[in-house]
Amino acid sequence: MSGIVQVAKQFHSETEAWDLKSYVLGALFYRFLSEDLAEYINAEERAAGRDDFDYASLDDNTAEQARFTTIEEKGYFLLPSQLFAATQAAAADDANLNETLATVFKAVEATAVGSPSENVYKGLFSAFDPNALVLGDSVHARNKRLSALLTSVASYEMTNAADDFDDLLRYYVTTAGKKGGDHFTPPTIAELVARLATGANPDARSIYDPAFGSGSLLIKARQHLKHEATVSGQELVRANYNMARMNLLVHRIEFNWINLDGGASTLTDPSHRDDEPFDIIVSNPKWSQKWAGKDDALLMNDERFAPAGVLAPKKYHDLAFTMHAASWLATDGVAVLVQFPGTLYRGATEARIREYLVENNLIDTVIQLPPDWGYGVTVAGVIVILRKAKRDNAALFVDASKQCKRVGNKNELFEDHQRSILDAVSARENIEGFARLVPNEDIALEQFDLSVSRYVQPLAERVVIDIAALNSEITQIVQRQNELRRGIDASVAELEGATS
């Protein structure tokens, strides 16, 4: 167990974990911001010949000289008195610790106002409310608990803040069950999605997620590119929006490459119309949720949904996200979407949307995943890959339902499993029992059902039979039957003779 997870367990019980996650994640992020800023300024000064320079030891008035140049480079600024270490050192004796923290967090956000980083830092700490009753019934109780948290975060060895942030996210989603799974894609699935996307478009310069949750898919995809790329997306839940921005920053994606928005639905109020199309789209939207659908008359004429002639049903928004991705995808781009398997076979308007996707040759690949791969989800999901520039008029179906290893109560897709899938997608050839390339006209004959099981049949367990040995065995059985019959006949004859 990592040090930061131990910190979390000391701060709250497991039943409180999901509701109090913002405090541990926020405290870790506050420490990261402080140390990252100090290291940056120290490096600049020491490169100029001031070998003993230490930003944390400066008085605030002297430090003010670095404000504007630091904001230009880092996107934010903290005075020495506002650094995590200074706040933590005085926390135990600070009767107004709650107000001190609130002031520091507002100061961080205020430094970005009017600068290119404003949208990245605005409201970033809004979920970290030091005055919330969930922390205690009195100011004293809340401050005592916050002081203990700061001390614990200061005391553990932080070797890699990004890894620690990932460990915390995994801890919180595993304790939250299904609720956590709605916000976080497991690492091995996120890794596979990223490799599928970037392998198909290694020159991508823009990545987009219309429902980014904690931001893990955006981070993974960008890590697999060998160059910088803008990271854009939208998230309905504001707590996730804040968490994802912290996640991207702690993974050292610079503010000028981040373009995220939160608080509104991508389907009904998209925020990136001026930024599309995107080279890579990755997403794992919450499955089969209600949305406005036909109740919103404007949606039928929305350029994202109109081409299919119908809207996704009100009780299932899944294929609305698929149509959104198809609309905002660059001509040479690739979209990799994790979806509920029902999107492949449900009827009515969903069947008509699949018909549009197939007839316009947008379905590139459909991959059946194993069951039990998600948090709080036992259903075997699917990965659907969309492309506009394809080299054939067919869709590849891959049955990866057995490509996993059981770890605890989950199925994990390790390197050999992922490699099998990636190789099959790259080869785009028939592999008996595993992959099949199906012409679009054949899919039409199946009423546009995209279920992998309809096209890929598992290898039957064949028994090798030795015909000669079988014939010999049959001959022996017949001989034995004849012997038994002769014996029975003899016994019957004896019985008849005895009674005559």
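Residues numbered from 1 in each chain as written. Predicted model: local features only at pLDDT ≥ 70, side-chain atom pairs only at ≥ 80, totals over all residues. Heavy atoms only, no water.

Trainee: Looking at this model, I keep getting lost on the side chain of lysine 390. Mind explaining?
Mentor: Mapped onto the fold, lysine 390 is located in the loop between strand E7 (382-387) and strand E8 (394-399). The charged side chain of lysine 390 is buried without a salt bridge, its nearest counter-charge being aspartate 392 at 4.3 Å. There is a polar contact of 2.8 Å between the side chain of lysine 390 and the side chain of asparagine 361. Within the structure, the side chain of lysine 390 is placed 2.6 Å from the backbone oxygen of alanine 394, a separation counted as a polar contact. (Helix = DSSP H or I, 4+ residues; strand = E, 2+ residues; numbered from the N terminus. Buried < 20%, exposed > 50% of the residue type's maximum accessible area, 1.4 Å probe, protein only. Lys, Arg positive; Asp, Glu negative; His and termini not counted. Salt bridge = Lys/Arg side-chain N within 4 Å of Asp/Glu carboxyl O. Polar contact = N/O pair within 3.5 Å; in protein donor to acceptor, adjacent residues only side chain to side chain.)

Trainee: I keep staring at the sheet that holds strand E3 (residues 258-262) and nothing clicks. Help me out?
Mentor: By definition, the strands of a sheet pair up through backbone hydrogen bonds, in either a parallel or an antiparallel sense. Judged by pairing direction, the sheet is mixed, and its nine strands sit side by side in the order E3-E2-E1-E4-E5-E7-E6-E8-E11 without closing on themselves. Sheet topology places E3 and strand E11 (435-439) at the edges, where each strand pairs with a single neighbour. Across this sheet, the average inter-strand angle for adjacent strands is 15 degrees, counted without regard to direction. Pairing between strand E4 (residues 278-283) and strand E5 (residues 329-339): five bridges, direction parallel. When the bridges of E5 are listed, phenylalanine 278 appears paired with leucine 329. (Pairing = 2+ DSSP bridges. Axes fitted to C-alpha atoms, helices over the stretch in contact; angles between N-to-C directions.)

Trainee: What is the right way to look at the layout of surface pockets in this model?
Mentor: A probe as big as a water molecule, rolled over the atoms, marks out the empty space that is left. Approximately 510 Å³ is the volume attributed to the largest pocket. Grouping the amino acids of the lining of the largest pocket by side-chain chemistry returns 13 nonpolar, 14 polar and five charged. Here the second largest pocket is characterised by a volume of approximately 320 Å³. Every residue lining the second largest pocket is counted, 15 residues in all, and those nearest its centre are Ala200, Asp364, Arg387, Val425 and Ser426. Of all the secondary-structure elements, those providing two or more residues to the lining of the second largest pocket are helix H11 (187-200), E7 and helix H16 (415-427). It is H11 that provides the largest number of residues to the lining of the second largest pocket, a total of four residues. In terms of residue class, the lining of the second largest pocket is made up of seven nonpolar, two polar and six charged. (1 Å grid on protein atoms, 1.4 Å probe; cavity = no way out; pocket = protein on both sides within 12 Å on 5 of 7 lines; lining within 4 Å. Points joined across faces, edges and corners; volume = space filled by probe spheres on them. Nonpolar A, V, L, I, M, F, W, Y, C, P; charged D, E, K, R; others polar.)

Trainee: Explain helix H2 (residues 17-47) to me, please; I cannot follow it from the model alone.
Mentor: Every α-helical turn comprises 3.6 residues, leaving residues that sit three or four positions apart pointing alike. Helix length check: H2 (31 residues) gives 43 Å between terminal C-alpha atoms against 45 Å at 1.5 Å per residue, within 8%. Most of H2 is tucked away, with 22 of its 31 residues classed as buried. One or two positions beyond H2, positive phi appears at glycine 49, with a value near 105 degrees. (Expected span 1.5 Å × (residues − 1).)

Trainee: Is there a simple way to explain the pattern of salt bridges in this structure?
Mentor: Pairing between side chains of opposite charge can happen when the charged atoms of each approach one another. Going through the model one piece at a time under the given rule, you end up with 22 salt bridges. Between glutamate 191 and lysine 220 there is a salt bridge whose closest N-O contact spans 3.3 Å. Separated by 29 residues along the polypeptide, glutamate 191 in helix H11 and lysine 220 in helix H12 (residues 216-223) bring together distant segments of the chain. Residue class for lysine 220 comes out partly exposed when judged on its relative accessible area of 23%. The residue aspartate 302 makes a salt bridge to arginine 304 at a minimum N-O spacing of 2.9 Å. Taken as a pair, aspartate 302 and arginine 304 share a single burial class, namely buried. Members of the salt-bridge network, linked through shared partners, are Arg273, Asp302, Glu303 and Arg304.

Trainee: Mind showing me how you'd approach the packing of H2 against helix H13 (residues 238-250) here?
Mentor: What describes two packed helices is the angle between their axes and the distance between those same axes. Two elements in contact, H2 and H13, have axes separated by 11 Å at closest approach and are oriented at 30 degrees. By the angle class used here, H2 and H13 are roughly parallel. As for how H2 packs across H13, the hand of that crossing is left-handed. The segment H2 lies against H13, with Lys21, Leu25, Gly26, Phe29 and Phe32 engaging Met243, Met246, Leu249 and Val250. (Parallel < 35°, antiparallel > 145°, perpendicular 65-115°, else oblique. Left-handed = near helix turned anticlockwise from the far one by under 90°. Contact = heavy atoms within 4.5 Å.)

Trainee: For this particular structure, what's the right way to read empty space enclosed by the protein?
Mentor: For the coordinates displayed, the defined rule picks out four cavities of 30 Å³ or more. Roughly 110 Å³ of internal volume is contained in the largest cavity. Looking at the lining of the largest cavity, the elements with two or more residues in it are H2 and H13. Estimates place the volume of the second largest cavity at around 60 Å³.

Trainee: Mind showing me how you'd approach the packing of helix H1 (residues 3-11) against H2 here?
Mentor: Two elements in contact, H1 and H2, have axes whose closest approach is 10 Å; the angle formed by their N-to-C orientations is 135 degrees. Classed by the angle they form, the pair H1 and H2 counts as oblique. Relative to H2, H1 is oriented so that their crossing is right-handed. Contacts between H1 and H2 involve Ile4, Ala8 and Phe11 from the former and Leu20, Tyr23, Val24 and Leu28 from the latter. Among the residues making up the contact of H1 with H2, the classes are represented as seven nonpolar, no polar and no charged.

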